[in-house]
Amino acid sequence: MNDGQNPDDQLLYATSAVVYSGFLIFFMQVGFVALETGSGRAKNVRNILLKNLVDVMLAALCWWAVGYAFAYGASAGGVIG
């Protein structure tokens with residue numbers, strides 16, 4: 001249903017929602033780092049930071065390899081895509 005909106009506006013709203021959600025997810029990682037470093041000893045901070053960096057890099061790689069196709073790929077019987 002179009003609801004009288006311009007298709008360009010709909011694309012803008014959808015893209016803005018995806019960018020905003022990604023922004024929140026990445027800043028959630030900052031919260032995890034703050035929680036984990038505050039809960040541990042100072043000597044373990046480097047390991048915690050590295051672990052969280054690897055976590056973000058692996059998540060981005062998995063999204064690139066699999067997640068994008070699930071979210072924006074062709075539909076497979078209405079289940080995926």
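This structure is a prediction, so every number in the text was calculated from the model and none was measured.

Chemist: Give me the UniProt feature "domain: Ammonium transporter AmtB-like" (unreviewed entry) in the protein: which residues, what numbers.
Modeler: Feature annotation in UniProt places "domain: Ammonium transporter AmtB-like" (unreviewed entry) on residues 19–80, given in this structure's numbering. Helix makes up 79% of residues 19–80 and strand 0%, whereas the separation of the span's terminal C-alpha atoms amounts to 21 Å.

Chemist: Describe the packing of helix α1 (residues 7–39) against helix α2 (residues 45–72), naming the residues involved and giving the relevant values.
Modeler: How two helices pack is summed up by the angle between their axes together with the distance between the axes. The contact between α1 and α2 brings their axes to 10 Å, and the two run at 155°. When the axis of α1 is compared with that of α2, the two are roughly antiparallel. When you trace α1 past α2, the crossing you get is right-handed. The segment α1 lies against α2, with V18, F26, Q29, F32, V33, E36 and T37 engaging V45, I48, L49, K51, N52, D55, V56 and Y72. Here the contact of α1 with α2 is built from residues that sort into nine nonpolar, three polar and three charged.

Chemist: Provide a residue-level description of the pattern of salt bridges, including the pertinent values.
Modeler: Going through the model one piece at a time under the given rule, you end up with one salt bridge. E36 is the salt-bridge partner of K51, the closest N and O atoms lying 3.2 Å from each other. Linking K51 in helix α2 with E36 in helix α1, this pair joins segments that are 15 residues apart in sequence. Under the relative-accessibility criterion, K51 is labelled partly exposed at 46%. Owing to a relative accessible area of 26%, E36 belongs among the partly exposed residues under this scheme.

Chemist: Please give an account of the UniProt feature "transmembrane region" (unreviewed entry) in the protein that cites residues and values.
Modeler: As recorded in UniProt, the feature "transmembrane region" (unreviewed entry) lies at residues 12–35 and 56–80. The span residues 12–35 shows a helical share of 100% and a strand share of 0%, and its end C-alpha atoms are spaced 35 Å apart. Overall, residues 56–80 shows 68% helix and 0% strand. The separation of its end C-alpha atoms is 24 Å.

Chemist: Account for a nonpolar patch on the surface, with residues named and values stated.
Modeler: A contiguous nonpolar surface patch, about 750 Å² in accessible area, is contributed by L50, L53, V54, M57, L58, L61 and W64. Position of L53 relative to the elements: it lies in helix α2. The class for L53 is partly exposed, based on a relative accessible area of 47%.

What counts as what
- Residues numbered from 1 in each chain as written.
- Predicted model: local features only at pLDDT ≥ 70, side-chain atom pairs only at ≥ 80, totals over all residues.
- Heavy atoms only, no water.
- UniProt positions renumbered as here; feature names shortened; annotations may be inferred.
- Helix = DSSP H or I, 4+ residues; strand = E, 2+ residues; numbered from the N terminus.
- Axes fitted to C-alpha atoms, helices over the stretch in contact; angles between N-to-C directions.
- Parallel < 35°, antiparallel > 145°, perpendicular 65-115°, else oblique.
- Left-handed = near helix turned anticlockwise from the far one by under 90°.
- Contact = heavy atoms within 4.5 Å.
- Nonpolar A, V, L, I, M, F, W, Y, C, P; charged D, E, K, R; others polar.
- Salt bridge = Lys/Arg side-chain N within 4 Å of Asp/Glu carboxyl O.
- Buried < 20%, exposed > 50% of the residue type's maximum accessible area, 1.4 Å probe, protein only.
- Patch = residues over 30% accessible without salt bridge, like charges linked within 9 Å, V, L, I, M, F, W, Y side chains within 5 Å.
- Areas by Shrake-Rupley, 256 points an atom, 1.4 Å probe, with all protein chains shown as cover.

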